[in-house]
Amino acid sequence: MKRKSISYAKWGYIFIAPFFIVFLVCTFYPLLSTFYNSLFENYWDASTFSQVGPNFVGLGNFKKLFTADAKGNVDILTYTANTMIMWIAGAIPQLAFSLLLAVIFTSTSLNVKGQTFFKTVIYLPNLIMAAAFAMLFFTLFSNVGPINQIISGGVSDKIVDFFNNVVTSRGIIAFINFLMWFGNTTIMLMAGIMGIDQSLLEAAAIDGATSGQVFRKITLPLLSPILVYVIITSLIGGFQMYDVPQVITSGLGNPNRSTMTLIMYLNRFLGTTKNYGMAGAVSVLVFIITGILSFGVYRSIVSGRSDPKPKKSKSKGVL
Amino acid sequence: MSNINFKPVGHDKGNATTKSIARVFAYIFLIFVTILSLFSIYFLIINSTRSNGQLQGGFSALPSKYFFSNLKTAWNDTALFTIPRGMWNSFIIAALGCLITTYFSAMTAYGVHVYDFALKGFAFNFILIVMMIPTQVSAVGFVQLVRNVHLENTYWPLIIPAIAAPAVFFYMKQNIESTLPLEVIEAARVDGSSEFRTFNTIALPMLKPAMAVQMIFAFVASWNNYFTPALIIDKSDKWTLPIMMAVLRSKINSQNGDLGEVYMMILLSIIPVVIVYLFLSKYIVKGVALGAVKG
């Protein structure tokens, strides 16, 4: 693979040109202009029907973002916390289920039949439109929906008002996220487990290790790079949480803004007020957070690639 | 991927019962997970066959006979939006998007793989670095750009950016490294093939399986995309299905309309992808696994 390439350098540039031109125009320039916008006061004042700005305010928008309101609330911190709570509530069962499923599917002693069927089923929710999924769960869990019909058995005071309760609203959103992603994570972890050198597991078994010991002492440590990758990418996805809570709460983040996420907040600034300044400031914050996380992913990809046999994990420090 | 033959390990005599108990638990768990994955879809399908009166009256696990009348109502309703219109709009964007995203990603991967040029390393690392940047963080600038060039309410801003898809590029690059020997290209060149011709007629056919997988993913991602289209399109005849779902949700309280129709509309917006998936699931699941082997 590391043979000398053909020296037709100009063709290299021609072939990658469309990608880079489109990237620069459609992503990079908008990114820079978003940063630039964050330094300006620039919005439509609906109360006076007039455009305010753009006026240069330096870091004024950021200051405003972190200024507490009359009740001592800092919106952006609340929304960051909401986002993280819903992410964690979905990610923990997601990892637990995926790990268990990956072990079941790859275990030779269990030798589970019907794997193709089960894998097909668990991956299906990942392909379903998040907006439609959210709409479906809204109707299923609404006060007149089938879940309440089952719970209450027709008695009206037994109805659970799922979307007026902080825990159940967040729970349903987290559950949808979990449902949509655990199949994907399972397949990732399976690929990781199957990359582990089987002779290590055999050697441990011959030495009398139980399957639980093999899992904890060998599989899990060797799986940790891919686990880290899965967790970081899931966290980056978590910060982008938008479709499900936006559709389920119709953009309001109810009850009492407890399901309002960072991107919903960003989207609200892009609505009727066209508050490009504040929207820009929120974008910069999300960019910084995801940027730091992405760097971790980048490092793991680069180190994975420089490994001559990336699929086979080495027995470094194990056994 | 599951056809690697491992030798069975840990064959202790006393293990037989523990093993069969473990198997029973494994199957119980798998059935539980299957129910978890499918119950909402099951409810959706059942409810789409029931009339509004039946749906208001109580839950039933069995289908009724109103499927086609619900379908007719949902299909012909133009009060908020027209579902067939939304399906067509979503299809056009997703189809064009998935074609150009795979073609140009393959082209970029080919450029980086085959040719030697000064900025090659930089180009590759740059794409890797920007791969994880969420599209949302550049939305402010993107919306302004689209307004400045007067492309709001058109599909160009949803299709053109698909040319630069870092994640698809990365997948194609991984794939091209293992499927396309440089000797083949040198041979084609000796035979007098131009660079573009070599790419289009020799390299692309070799990359077909990888492109097919990425095409499916790109199509589904575009079909399901809600954030960007909602920012660009506000004319109701140009809405895509995810926007329609959001509108349906926002109107459902005030409208209090036909619930059978609501379920049917949800079903119509997800069913094309589900049908495609049922036919191609083998390749899709394999594709995810291949993408996973990088860490």
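Residues numbered from 1 in each chain as written. Chains lettered and ligands numbered in written order. Predicted model: local features only at pLDDT ≥ 70, side-chain atom pairs only at ≥ 80, totals over all residues. Heavy atoms only, no water.

1. Comments concerning the interface of chain A and chain B
- Counting from both sides, the interface comprises 111 residues of chain A and, opposite them, 122 residues of chain B.
- Looking at the side of chain A facing chain B, the largest losses of area belong to A:Phe15, A:Phe19 and A:Met129, adding up to 8% of the total buried there.
- Counting the contacts that link chain A with chain B gives zero salt bridges.
- For the interface between chain A and chain B, the tally reads 14 residue pairs in polar contact (both at pLDDT 80 or more).
- Take the side of chain A that touches chain B: its biggest share by element is 22 residues, from helix H1 (residues 9-37) of chain A. (Contact = heavy atoms within 4.5 Å. Buried area = accessible area lost by both parts, 1.4 Å probe. Salt bridge = Lys/Arg side-chain N within 4 Å of Asp/Glu carboxyl O. Polar contact = N/O pair within 3.5 Å; in protein donor to acceptor, adjacent residues only side chain to side chain. Helix = DSSP H or I, 4+ residues; strand = E, 2+ residues; numbered from the N terminus.)

2. Topic: the side chain of A:Thr186
- Its location among the elements puts A:Thr186 in helix H7 (residues 166-194).
- Look at A:Thr186 and you get buried, because its relative accessible area is 0%. (Buried < 20%, exposed > 50% of the residue type's maximum accessible area, 1.4 Å probe, protein only.)

3. Observations regarding unusual backbone geometry
- The omega torsion of the bond from A:Asn254 to A:Pro255 falls at -5 degrees, within 30 degrees of zero and hence cis.
- One can find A:Pro255 in the loop between helix H10 (243-248) and helix H11 (262-269).
- Even without being glycine, A:Lys274 reaches a positive phi, approximately 45 degrees.
- Looking at the element boundaries, A:Lys274 is found in the loop between H11 and helix H12 (276-306).
- By relative accessible area, which is 33% here, A:Lys274 ends up partly exposed.
- Positioned with a positive phi, B:Asn153 is a non-glycine residue whose angle comes to about 65 degrees.
- Along the chain, the position of B:Asn153 falls in the loop between helix H6 (139-148) and helix H7 (156-159).
- Residue class for B:Asn153 comes out buried when judged on its relative accessible area of 9%.

4. Overview of the pairing of strand E2 (residues 50-56) of chain A
Residues and elements named next belong to chain A.
- Note that strand E1 (residues 40-45) and E2 share five bridges and pair antiparallel. When the bridges of E2 are listed, Tyr43 appears paired with Val52.
- Between the antiparallel neighbours E1 and E2 lie four residues, among them Phe49 with a positive phi of about 50 degrees. (Pairing = 2+ DSSP bridges.)

5. Examining the domain arrangement of chain B
- Partitioning chain B into domains gives domain 1 (15-73) and domain 2 (79-256).
- Taken over C-alpha atoms, the centre of domain 1 of chain B sits 35 Å from the centre of domain 2 of chain B. (Domains from an automatic or database assignment.)

6. Remarks on the nonpolar core
- In this structure, A:Phe137, A:Ile248, B:Tyr110, B:Met172 and B:Met245 are the most contacted members of the largest nonpolar core, which totals 189 residues.
- By residue number, the principal contributor to this core is helix H14 (residues 259-292) of chain B, which donates 16 residues.
- Split by domain, the residues of this core number at least three in each of domain 1 (15-73) and domain 2 (79-256) of chain B.
- In this structure, A:Leu200, A:Leu201, A:Ala204 and A:Ile218 belong to the second largest nonpolar core, which totals seven residues. (Core = buried A, V, L, I, M, F, W, Y, C linked by side-chain atoms within 4.5 Å.)

7. Details of the packing of aromatic side chains
- Under the definition given, this model contains 49 aromatic pairs over all chains.
- On the numbers, 6.2 Å between centres and 65 degrees between planes, the contact of A:Phe28 with B:Phe126 is edge-to-face. Of this pair, A:Phe28 sits in helix H1 while B:Phe126 sits in helix H5 (residues 120-130), placing the two residues on different chains.
- A:Phe28 sits in the partly exposed class, given a relative accessible area of 30%.
- With a centroid separation of 6.0 Å and 55 degrees between ring planes, the pair formed by A:Phe137 and A:Phe175 is classed as tilted. Within this pair, whereas A:Phe137 is found in helix H5 (residues 130-141), its partner A:Phe175 is found in helix H7, the two being separated by 38 residues in sequence.
- Accessibility expressed as a relative area gives 0% for A:Phe137, which makes it buried.
- Between B:Lys173 and the ring centre of B:Phe124, over which it is positioned, the NZ or CZ distance is 5.0 Å.
- Taking NZ or CZ as reference, B:Arg189 lies 3.7 Å from the ring centre of A:Tyr8, over its face. (Phe/Tyr/Trp six-rings, centres within 6.5 Å; stacked < 30°, edge-to-face > 60°. Lys NZ or Arg CZ within 6 Å of the ring centre and 35° of its normal.)

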